[in-house]
Each structure stands twice: as structure tokens, then as C-alpha cells.
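Coordinate analysis (summary)
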Amino acid sequence: MKSIIALTAAAAAVLAAPAAAENFTYEIRFGEPSFVGGMGEEGRDGRSGTMSGPFTSTSASGASVSGNVTCIGMDQPDNSLFDVHFSCTATRSDGTNTSLIYGCNWLGEDMGLSCVGGAEGRDGTTEGRRGVLTMHLKEGVSTGTGQWIE
């Protein structure tokens, strides 16, 4: 009986959580990446790089914010869970900073990168908030979805 009550309470907590969540979509237009280092075939093993560009994010309610994203990425060894890791800072035009972390896999020359990740607000209106992200990056244009989890 205790386990049924515990399972019911856990299910209620999980089902109630999305009511406090906030969904959004975003687009980033990255400039050309700048690479550092790298070994092996085509210099891709262990290569790091930076890229930045403007972003626009729109919440499910239609509210929009914009700013700039700066990322550093590093190619991962063969047979890793992800082909590339990115760590980024998104700075909104009002100065609010959010940290973004992605794990990405290469889908092929014509498909780009597919990524999943997380977000953590550092200050301003996002301070203390955490969320989840998806991203598709192809030819410098990144589109994605996110959800702040409260």
C-alpha cells in the first residue's frame, strides 16, 4: 500500500511540473567559427573553436527577446556519446545572461548538427531558472526549442 501511495505521489508531482514550465523557440545566426588546435585526420581530433552571433527567442505567449550568443566547442573522440560539446553564454539586450550547454551529433554534410542541452539563468529575469534545449545547426543558422523548468 505504501508503494502505491508513493507512486501516486510521484506521478502527481511529475504531472504537475509541466504546468509551471515555459516553452520557447529560438534562432541564432552564427558567424564563421574560429578554430584552435586539432590533431589527426583533417585536424579534427581535439579541435576547439569559438563562434558567436545574434539570437532571437520567442516564448509560447508570443513575447520576444534578443541578444548575442558566444560559444566555445570541442570535437569529441571517436565513439563518444556526442561528436561535439558546446558551452555558451547568451546575453540578452537588457544584459541578462544565461549559460547554455549542448551535446551534438553530426547528421551528415547536408544535415548539420543535432543537439540537446540545458540552460541555467545567471542573473536578471532568468536567475536561478534551469531548462532543457534542442538545437539544429546547419550552415551557421541554429534553430531550437527550449523549456524553462521551475
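Relevant structure appears above.
In short, a report on the structure. All residue numbers here refer to positions counted from 1 along the written sequence of the relevant chain. Residues qualify for local features only when their pLDDT is at least 70, as the model is predicted, and side-chain atom pairs are given and counted only at 80 or more; totals for whole chains, interfaces and linings, by contrast, use all residues. Hydrogens and water are ignored here; the side-chain numbers use all heavy atoms of the structure.

A word on a negative patch on the surface
Among the surface-exposed residues, Glu-41, Glu-42, Asp-45, Asp-78 and Asp-83 lie close enough to one another that they form a single negatively charged patch. Relative to the helices and strands, Asp-83 is located in the loop between strand 4 (64-75) and strand 5 (84-92). Grouping into patches uses exposed residues only, defined as over 30% relative accessible area, and leaves out salt-bridged ones; the cut-off is 9 Å for like charges and 5 Å for nonpolar side chains (Val, Leu, Ile, Met, Phe, Trp, Tyr). Here, Shrake-Rupley sampling with a 1.4 Å probe gives the accessible areas, and only protein chains in the shown set may cover a residue. The salt bridge criterion pairs a side-chain nitrogen of Lys or Arg with a carboxyl oxygen of Asp or Glu, the two atoms within 4 Å. When charges are counted, Lys and Arg are positive and Asp and Glu negative, with His and the chain ends excluded. For the purpose of locating charges, the reference atoms are NZ of Lys, CZ of Arg, CG of Asp and CD of Glu. The secondary structure listing takes helices from DSSP runs of H or I that are at least 4 residues long and strands from runs of E that are at least 2 residues long, numbered from the N terminus.

What about the packing of aromatic side chains?
Pairing of aromatic side chains requires ring centres within 6.5 Å, counting the rings of Phe and Tyr and the six-membered ring of Trp. Pairs whose planes differ by under 30 degrees are stacked, by over 60 edge-to-face, and all others tilted. Taken as a whole, this structure holds two aromatic pairs when the rule is applied. Considering the side-chain rings of Phe-24 and Tyr-26, the 6.4 Å spacing of their centres and the 40 degrees angle between planes classify their relative orientation as tilted. Throughout this description, buried means an accessible area under 20% of the type-specific maximum (1.4 Å probe, protein chains only), exposed means over 50%, and partly exposed covers the range between. Note on Phe-24: relative accessible area 13%, which makes it buried. Between the aromatic rings of Phe-24 and Trp-148, the centroid separation amounts to 6.1 Å while the plane-to-plane angle is 40 degrees, which identifies the pairing as tilted. Taken together, the residues span a long stretch of sequence, with Phe-24 in strand 1 (residues 22-29) and Trp-148 in strand 9 (residues 141-149) at a distance of 124 residues. For the pair Phe-24 and Trp-148, one class covers both residues: buried. An aromatic cluster is present here, built from Phe-24, Tyr-26 and Trp-148 joined pairwise through their rings.

Some remarks on the side chain of Thr-98
Structurally, Thr-98 is set in strand 6 (residues 97-108). One polar contact links Thr-98 to Thr-126, side chain to side chain, over a distance of 3.3 Å. Polar contact is defined as a pair of N or O atoms within 3.5 Å, subject to the rule that within protein one atom must be able to donate a hydrogen and the other to accept it, and that residues adjacent in sequence are counted only when both atoms are side-chain atoms.

Digging into the pattern of salt bridges
Scanning all chains against the criterion turns up six salt bridges. A salt bridge links Arg-130 to Glu-120, with the shortest nitrogen-to-oxygen separation between them at 2.6 Å. On the criterion of sequence distance, the pair formed by Arg-130 in strand 8 (residues 130-138) and Glu-120 in strand 7 (residues 112-121) is long-range, its members being ten residues apart. Members of the salt-bridge network, linked through shared partners, are Glu-120, Arg-122 and Arg-130.

Focus on the pairing of strand 3 (residues 48-59)
Regular strands have side chains that alternate between both faces of the sheet. Two elements, strand 1 and strand 3, share five bridges in a ladder whose sense is antiparallel. Residue pairing across strands places Ile-28 opposite Phe-55, the latter belonging to strand 3. Strand pairing is defined by DSSP finding a minimum of two bridges between the two strands. Relative to strand 3, strand 2 (residues 34-36) runs antiparallel, the two being bridged by three bridges. Note on strand 3: the bridge partner recorded for Val-36 is Ser-48. With eleven bridges connecting them, strand 3 and strand 4 associate as antiparallel partners. If you follow Thr-56 over to strand 4, its bridge partner there is Ser-66. Here strand 3 folds back onto strand 4 in antiparallel fashion, the turn holding four residues, of which Gly-62 has a positive phi close to 100 degrees.

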